[in-house]
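Topology and contacts: notes
Residues per chain are reported as follows:
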Amino acid sequence: MNTISKINHMLANVKGVIEVKKMRNPIQPNQDSLMSELDNDHHLSKVSRAKSKSLVGVVIGELIKRELTVSLDTKTNKAIEMFEDYGCLQEIVVLDDDKPVGLLMKNKIFSRLGTRYGYSIFIDRSVKLIMDKNPLIVDANTPIEEVSTQAMSRDIDNIYDCIIVTKDDKYLGVVSIKNLLDKFSKLKIEHAKNLNPLTNLPGNIMIEREVTERILKNKIFSVLYIDLDNFKAYNDYYGYKKGDQVISYTAELLKEVVIHVGDEGDFVGHIGGDDFVIVTIPEKDALISQSIIDIFDLEIKKFFNEEDRQQGYIMTKDRQGNICKTPLVSISIAIVSNKDREINSHLKVSDIAAEVKKRVKKMDGSNYQRELRRN
């Protein structure tokens with residue numbers, strides 16, 4: 001049984017035990033007017049939820065531009081005039097009562113009209129006959145990575161067609177493939193810069209952003225600051241490669257625990273070294289903490305040799321150079337929440353956590369402790 005399978009098996013048991021314990025016409029407005037259409041509480045709430053599901057934190061509605069549109073009964077010759085009058089225009093969206101039902105791509109239309117009978121067949125008839133009746137249409141709150149996947153999965157003939165964006169099923173704008181891929185590539189590079197290279201978890205910038213966002217939205221949250229005890233001694237004794245294995249294992253454990261017993265919107269980050277963060281809801285913080293401790297204390301022993309496991313310590317030198325017995329690596333968790341007190345910045349969260357962590361690290365073995373002061 002591999003490590004992840006073991007974790008999953010133990011989590012099922014841990015969750016059961018803890019729960020027993022608990023029983024006890026064409027328009028082309030400017031960008032400002034377009035954004036004003038989006039600026040309402042309901043929309044912002046939907047955008048926020050969508051962004052939280054996006055790897056890079058951007059939804060397709062942020063990339064739109066408003067292009068010319070025509071109605072279903074518009075003649076093809078009128079659409080041709082529009083393409084000729086606006087040299088940079090590459091697409092026209094066909095609407096039926098504000099709902100997009102088709103797409104006219106300039107290169108395709110001119111190509112079809114250039115065939116032997118194309119001009120005579122289509123030029124004086126409705127665009128309905130010549131338009132693409134199945135364009136890619138997505139809601140404005142769709143994460144851009146999801147749109148990118150859909151766009152690049154289209155047939156080769158349609159892969160460079162623009163994407164039509166809607167809000168409440170009504171036309172909002174379009175996004176070109178070039179703009180979508182350019183933006184997505186830049187965001188992925190920026191995102192990768194903020195990931196820890198060892199664990200691939202979000203780093204300090206994204207941790208700060210996560211906490212700040214919850215504060216600004218007046219959400220009730222708990223932040224778990226997770227620290228490995230005696231890790232430096234272990235790293236010196238066993239070497240950095242074994243130390244990296246412990247860090248990687250801890251990251252996987254945190255992710256698996258959050259998946260199985262955490263909340264849907266939980267966040268796992270890596271501050272650096274042996275310090276990690278989980279952002280969750282107060283109803284889940286104790287369950288997550290105890291699950292981590294129970295599994296970690298069982299699994300960490302496999303990173304020690306048999307002799308050290310049996311004796312329960314390793315022989316190391318302290319800062320003064322004296323030989324001393326250092327206990328096996330354990331885990332300490334400091335919990336900070338705004339459930340019973342006001343917290344108005346991520347810096348305040350860090351300050352409180354530092355105080356709590358000092359207390360919990362003085363305790364023997366693995367433990368968790370929450371900040372007890374209230375407003």
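Notes on the structure follow. Since this is a predicted model, take the numbers as computed values, not measurements.

Unusually for a residue other than glycine, asparagine 200 sits at a positive phi of about 65°. Mapped onto the fold, asparagine 200 is located in the loop between α8 (177–193) and α9 (204–216). Accessibility expressed as a relative area gives 53% for asparagine 200, which makes it exposed. Non-glycine residue asparagine 218 carries a positive phi angle of around 55°.

Ranked by size, the top nonpolar core spans 34 residues in total, and within it Ile226, Leu228, Ile278, Ile292 and Phe296 carry the most contacts. Counting residues per element, the ones that place at least two in this core are β7 (222–229), α10 (231–238), α11 (240–261), β9 (275–280), α12 (282–299) and β12 (330–337). Residue contributions to this core peak at 9 residues, all from α11. What isoleucine 278 contacts, discounting residues up to four positions off in sequence, is Ser222, Val223, Leu224, Ile226, Leu254, Val258, Phe267, Val268, Ile288 and Ile292.

Of all the positions in helix α4 (residues 76–85), only Thr76, Ala79, Ile80, Met82 and Phe83 are classed as buried. Projected onto a plane normal to the axis of α4, the buried residues spread over an arc of 160° and lie on a single side. Away from its buried face, by an angle of more than 90 degrees, α4 presents the exposed residues Glu84 and Asp85. Of the surrounding elements, those touching the buried residues of α4 are β1 (69–71), β2 (91–96), β3 (99–105), α5 (106–113) and α6 (118–122).

Evaluated as defined, the whole model comprises 7 aromatic pairs. A ring pair is formed by tyrosine 234 and phenylalanine 304, whose centres lie 5.0 Å apart and whose planes are at 70°; its orientation type is edge-to-face. Separated by 70 residues along the polypeptide, tyrosine 234 in helix α10 and phenylalanine 304 in the loop between α12 and α13 (306–311) bring together distant segments of the chain. In this pair, the class of tyrosine 234 matches that of phenylalanine 304, namely buried. Arranged with centres 6.4 Å apart and planes meeting at 35°, the rings of tyrosine 249 and phenylalanine 296 form a pair that is tilted. Residue tyrosine 249 is located in helix α11, and its partner phenylalanine 296 is located in helix α12; the two are separated by 47 residues in the primary sequence.

Now for the packing of α4 against α5. The description of two helices packed together rests on the angle between their axes and the distance between the axes. α5 packs onto α4 with a crossing angle of 125° between their chain directions and a minimal axis gap of 11 Å. One way to sum up the angle between α4 and α5 is to call them oblique. Judged by the sense of rotation from one axis to the other, the crossing of α4 with α5 is left-handed. Contact residues: α4 offers Thr76, Ile80, Phe83 and Glu84, while α5 offers Lys106, Ile109, Phe110 and Leu113. Class assignment for the residues of the contact of α4 with α5 results in 5 nonpolar, 1 polar and 2 charged.

Let us look at the sheet that holds β12. Ordered by their spatial adjacency, 5 strands build an open sheet running β8-β9-β7-β12-β13, and the pairing between neighbours is mixed. Strand pairing shows two members of the sheet lacking a second neighbour, β8 (267–272) and β13 (367–370), which therefore form its edges. On average, each strand axis in the sheet is inclined to that of its neighbour by 20°, with strand direction left out of account. Relative to β8, α9 is tilted by about 135°, and along the sheet it contacts β7, β8 and β9. The strands touched by α11 are β7, β8, β9 and β12; relative to β9, the strand with the most contacts, the crossing angle is about 5°.

Of all the residues in α10, the buried ones are Phe231, Ala233 and Tyr234. Along the long axis of α10, the arc covered by the buried residues comes to 155°, so they all point the same way. Of the exposed residues in α10, the ones pointing more than 90 degrees away from its buried face are Lys232 and Asp236. On its buried side, α10 packs onto β7, α11, β10 (313–317) and β11 (323–327). Phi turns positive, to about 100°, at glycine 239, one or two residues after α10.

For the structure shown, the criterion picks out 14 salt bridges. For glutamate 213, the salt bridge identified is with lysine 217, shortest N-O distance 2.5 Å. Glutamate 213 gets classed as partly exposed once you look at its relative accessible area, which sits at 32%. Overall, lysine 217 belongs to the partly exposed group, its relative accessible area being 34%. Here lysine 255 makes a salt bridge to glutamate 252, at a shortest N to O gap of 3.1 Å. On the criterion of helical spacing, the pair formed by lysine 255 and glutamate 252 is a turn pair, its members being 3 residues apart in helix α11. Each member of the salt-bridge network shares a partner with another, and the members are Asp227, Asp229 and Lys361.

What follows is about the sheet that holds β1. The strand order β1-β2-β3 describes an open sheet built from 3 strands, whose pairing is mixed. The sheet terminates laterally at β1 and β3, the two strands that pair on one side only. Across the sheet, the axes of successive neighbouring strands diverge by a mean angle of 35°, strand direction being ignored. Relative to β3, β2 runs antiparallel, the two sharing 6 bridges. Note on β3: the bridge partner recorded for glutamate 91 is methionine 105. Of the strands in this sheet, β1, β2 and β3 touch α4, which is tilted by about 140° from β2.

Reading the values: rules and limits
- Residues numbered from 1 in each chain as written.
- Predicted model: local features only at pLDDT ≥ 70, side-chain atom pairs only at ≥ 80, totals over all residues.
- Heavy atoms only, no water.
- Helix = DSSP H or I, 4+ residues; strand = E, 2+ residues; numbered from the N terminus.
- Buried < 20%, exposed > 50% of the residue type's maximum accessible area, 1.4 Å probe, protein only.
- Core = buried A, V, L, I, M, F, W, Y, C linked by side-chain atoms within 4.5 Å.
- Contact = heavy atoms within 4.5 Å.
- Arc of directions from axis to C-beta.
- Phe/Tyr/Trp six-rings, centres within 6.5 Å; stacked < 30°, edge-to-face > 60°.
- Axes fitted to C-alpha atoms, helices over the stretch in contact; angles between N-to-C directions.
- Parallel < 35°, antiparallel > 145°, perpendicular 65-115°, else oblique.
- Left-handed = near helix turned anticlockwise from the far one by under 90°.
- Nonpolar A, V, L, I, M, F, W, Y, C, P; charged D, E, K, R; others polar.
- Pairing = 2+ DSSP bridges.
- Salt bridge = Lys/Arg side-chain N within 4 Å of Asp/Glu carboxyl O.

Honestly, that's just the spatial picture; any functional story needs more than this.
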